[in-house]
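Now for the letters of each chain:
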Amino acid sequence: MTYCLGIKTKQGLIAMADTRITSGNNKSTKKKIYIEQREKHSLFIMTSGLRSVRDKAVIYFQELFLEGVIDHNKMFKAVNAFGKQIKRVEKEDKSALQKAGLKFNLNTIIGGQLEDDDEHKLFLIYSEGNWVELNDDSPYMIIGNSGHGKTILNRVLSSQSSLKQALKAGFLSFDATRLSATDVGYPLDVAIYKKDSYSIEEKRYSGEEMKDIAEKWDTDLKTVLENLPENWIKHNV
């Protein structure tokens, strides 16, 4: 399992992914955000699912780009191109995976802005290769272990949130997931795209770097709980 979060606000995009890879009792780290960047062309890709499947799809897409086979001017065209690589991998590997008792599983978040896009965009691609674009009504999407980190995002995020607010909310969402799921953990990779900048900034955060922030959130949350009004409690507790 993995944790990948994409956030879109008026100010830009946030991409966030854990790096933990779990295989039996073995744990290792692997970068899960792939970035493609040049003049007037900035996008990131995050995937969840079988590692062999996602690595293969990303490599196929990367090779086509490097060979000049794909050179898109709008995000939806790049998303279509990646969807085709998912279908290609499915055609090659699905039968063998089924024989091994495994399900073909690959969900993808792609975000960025290309030269003819009127704004930055965020997309979710399903295992079948079809996709949806995020709109202002729902400013984020999570793939992988999505059950633990949604509550804080639903409460505090909107399309009007600043990138700093989005980054802080995203970390709290990751922290909730990390505490609840043994297969999600540090280091945490973050990519930030500012509106119309055509530049993606990357940063990797360690558990030690984020320790004070996580502890402050833990302390403040307990304080808020303690200070909640109690006049509604009718039972003798």
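Scroll up a little and you will see the structure.
Small disclaimer: the values here were computed from a predicted structure and weren't measured.

Draft legend 1. Representation of the sheet that holds strand β10 (residues 140–144) within the structure. Taken together, 5 strands build an open sheet; the order of strands is β10-β1-β2-β11-β12 and the sheet is antiparallel. Edge positions in the sheet fall to β10 and β12 (200–205), since each has one partner strand and no second. Adjacent strand axes in the sheet meet at a mean angle of 15 degrees when their direction is disregarded. In terms of strand pairing, strand β2 (residues 12–18) meets strand β11 (residues 188–194) through 7 bridges, oriented antiparallel. Across the sheet, residue alanine 17 finds its bridge partner in β11, namely aspartate 189.

Draft legend 2. Region of the structure containing the pairing of strand β8 (residues 121–125). With 5 of 5 residues buried, β8 lies mostly within the body of the structure. Alternating positions in β8 separate into two faces, Lys121, Phe123 and Ile125 on one and Leu122 and Leu124 on the other, with burial throughout. Across 5 bridges, strand β7 (residues 106–114) lies against β8 in antiparallel orientation. Bridge assignment links glycine 111 to a residue of β8, and that residue is leucine 122. Where β7 folds back onto β8 in an antiparallel hairpin, the turn is made up of 6 residues. Bridge count for β8 against strand β9 (residues 131–133) is 3 bridges, and the pairing is antiparallel.

Draft legend 3. Up close: the packing of helix α1 (residues 51–66) against helix α2 (residues 75–99). At a minimum axis distance of 9 Å, the contact between α1 and α2 shows a crossing angle of 135 degrees. Regarding the angle of α1 to α2, the classification is oblique. Handedness of the α1/α2 crossing: right-handed. Here Val53, Lys56, Ala57, Val58, Tyr60, Phe61 and Leu64 of α1 come into contact with α2, specifically with Ala78, Ala81, Phe82, Gln85, Arg88, Val89, Glu92, Asp93 and Leu97.

Draft legend 4. Spotlight on the layout of surface pockets. Its boundaries defined by the atoms lining it, the largest pocket holds a volume of some 370 Å³. Every residue lining the largest pocket is counted, 19 residues in all, and those nearest its centre are Leu167, Lys168, Ala169, Leu172 and Ile213. Taken together, the elements giving at least two residues each to the lining of the largest pocket come down to α3 (150–156), α4 (163–180), β11 and α5 (207–227). Here the lining of the largest pocket takes 6 residues from α4, the largest share from any one element. Split into classes, the residues belonging to the lining of the largest pocket amount to 14 nonpolar, 2 polar and 3 charged.

Draft legend 5. Just α5, in detail. Over its 21 residues, α5 extends 29 Å from the first C-alpha to the last, a length consistent with the 30 Å expected when each residue adds 1.5 Å. In the structure, α5 departs most strongly from a straight axis at isoleucine 213, where the bend amounts to approximately 25 degrees.

Draft legend 6. Focus on the sheet that holds strand β6 (residues 41–49). One open sheet accounts for 5 strands, arranged β5-β6-β7-β8-β9; its pairing is antiparallel. Of all strands in the sheet, those bounded by a partner on one side alone are β5 (33–38) and β9. On average, each strand axis in the sheet is tilted by 15 degrees relative to the strand beside it, whichever way the strands run. In the packing of α2 onto the sheet, contacts are made with β6, β7, β8 and β9, and the angle to β7 comes to roughly 155 degrees.

Draft legend 7. Fine view of the packing of α4 against α5. Relative orientation of the contacting elements α4 and α5 amounts to 85 degrees, with a least axis distance of 11 Å. One way to sum up the angle between α4 and α5 is to call them roughly perpendicular. Along its contact with α4, which presents Phe171, Leu172 and Asp175, the element α5 presents Met210, Ile213, Ala214 and Trp217. Taken together, the residues of the contact of α4 with α5 break down into 6 nonpolar, no polar and 1 charged.

Draft legend 8. Just the nonpolar core, in detail. Within the largest apolar cluster, 24 residues are counted, with the highest numbers of intra-cluster contacts made by Leu5, Leu153, Phe171 and Phe174. Looking at this core, the elements that each hand over two or more residues are β1 (3–9), β2, β10, α3, α4, β11 and α5. Here the element with the most residues in this core is α4; it accounts for 6 residues. Other than its neighbours up to four places away in sequence, phenylalanine 174 contacts Tyr3, Met16, Asp18, Val184, Gly185, Tyr186 and Leu188.

The rules we used
- Residues numbered from 1 in each chain as written.
- Predicted model: local features only at pLDDT ≥ 70, side-chain atom pairs only at ≥ 80, totals over all residues.
- Heavy atoms only, no water.
- Pairing = 2+ DSSP bridges.
- Helix = DSSP H or I, 4+ residues; strand = E, 2+ residues; numbered from the N terminus.
- Axes fitted to C-alpha atoms, helices over the stretch in contact; angles between N-to-C directions.
- Buried < 20%, exposed > 50% of the residue type's maximum accessible area, 1.4 Å probe, protein only.
- Parallel < 35°, antiparallel > 145°, perpendicular 65-115°, else oblique.
- Left-handed = near helix turned anticlockwise from the far one by under 90°.
- Contact = heavy atoms within 4.5 Å.
- 1 Å grid on protein atoms, 1.4 Å probe; cavity = no way out; pocket = protein on both sides within 12 Å on 5 of 7 lines; lining within 4 Å.
- Points joined across faces, edges and corners; volume = space filled by probe spheres on them.
- Nonpolar A, V, L, I, M, F, W, Y, C, P; charged D, E, K, R; others polar.
- Expected span 1.5 Å × (residues − 1).
- Bend = angle between axes of the 7 residues up to and from the residue.
- Core = buried A, V, L, I, M, F, W, Y, C linked by side-chain atoms within 4.5 Å.

The analysis is restricted to geometry; functional conclusions fall outside its scope.
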